[in-house]
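# Report on the structure
The primary structure of each chain is shown beneath.
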Amino acid sequence: NDYCKGMDDLLKADGFDEAIMGTAGRCGMTNVLVYDENKIISILQERDGMDEDEAREYYEFNIKGAYMGEMTPLFFDPTIDLE
């Protein structure tokens, strides 16, 4: 799978350290890593030679869509306009 333990036992998306933004947590729950999903897609394009559509599809299904329990990282989309 695309996940491994690391950084004080936080669950990491393997190979995407450059996309880590930090951690996030909620009261009574362990902090989890937060990734910038646009950076993950860029890494897939540059590292793996995928075009944007291939990278987005791979990301959505294999990374964002892979629930690994309560330690599963969060994925931030900085392009959403809340207004």
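Note that the structure is predicted; figures quoted are calculated from it, not measured. (Residues numbered from 1 in each chain as written. Predicted model: local features only at pLDDT ≥ 70, side-chain atom pairs only at ≥ 80, totals over all residues. Heavy atoms only, no water.)

### With respect to the environment of Y35
As a reminder of what qualifies: A helix here means a DSSP run of H or I that spans at least four residues, while a strand means a run of E at least two residues long, and both kinds are numbered starting from the N terminus. We call two residues in contact when some of their heavy atoms are within 4.5 Å.
Position of Y35 among the secondary structure elements: in strand β4 (residues 32–36). Separated by 39 residues in the primary sequence, Y35 and L74 place their C-alpha atoms 6.3 Å from one another. Once residues lying within four places of it in the same chain are set aside, the contact partners of Y35 are K12, A13, F16, A19, I20, M21, I40, P73, L74, F75 and F76.

### A closer look at the layout of surface pockets
Cut-off, in case you're wondering: In this analysis a 1.4 Å probe is tested at points of a 1 Å grid over the protein atoms alone, and where it fits but cannot get out there is a cavity; an open set with protein on both sides within 12 Å along at least five of seven lines is a pocket; lining residues have an atom within 4 Å of a point. Grid points are joined across faces, edges and corners, and a volume is the space filled by probe spheres set on the points. Each residue gets one of three labels, nonpolar for Ala, Val, Leu, Ile, Met, Phe, Trp, Tyr, Cys and Pro, charged for Asp, Glu, Lys and Arg, and polar for the others, Gly among them.
In this model, the largest pocket occupies a volume close to 160 Å³. Tallied by class, the residues present in the lining of the largest pocket amount to 6 nonpolar, 4 polar and 2 charged.

### Observations concerning the nonpolar core
Which entries qualify depends on this criterion: Throughout, nonpolar core names a set of buried Ala, Val, Leu, Ile, Met, Phe, Trp, Tyr and Cys residues whose side chains join them through atoms within 4.5 Å. Burial classification: accessible surface area is computed with a 1.4 Å probe over protein chains only, and a residue below 20% of its type maximum counts as buried, one above 50% as exposed, and the rest as partly exposed.
Of all hydrophobic cores here, the largest spans 17 residues; its most connected members are F16, Y35, I40, L44, Y59, I63 and F75. Elements that contribute at least two residues to this core include exactly β2 (10–13), β4, α1 (37–48) and α2 (52–64). When residues of this core are assigned to their parent elements, the largest contribution, 4 residues, is made by α1. Filtering out sequence-adjacent residues up to four positions away, L44 remains in contact with F16, G49, M50, A55, Y58, Y59 and I63.

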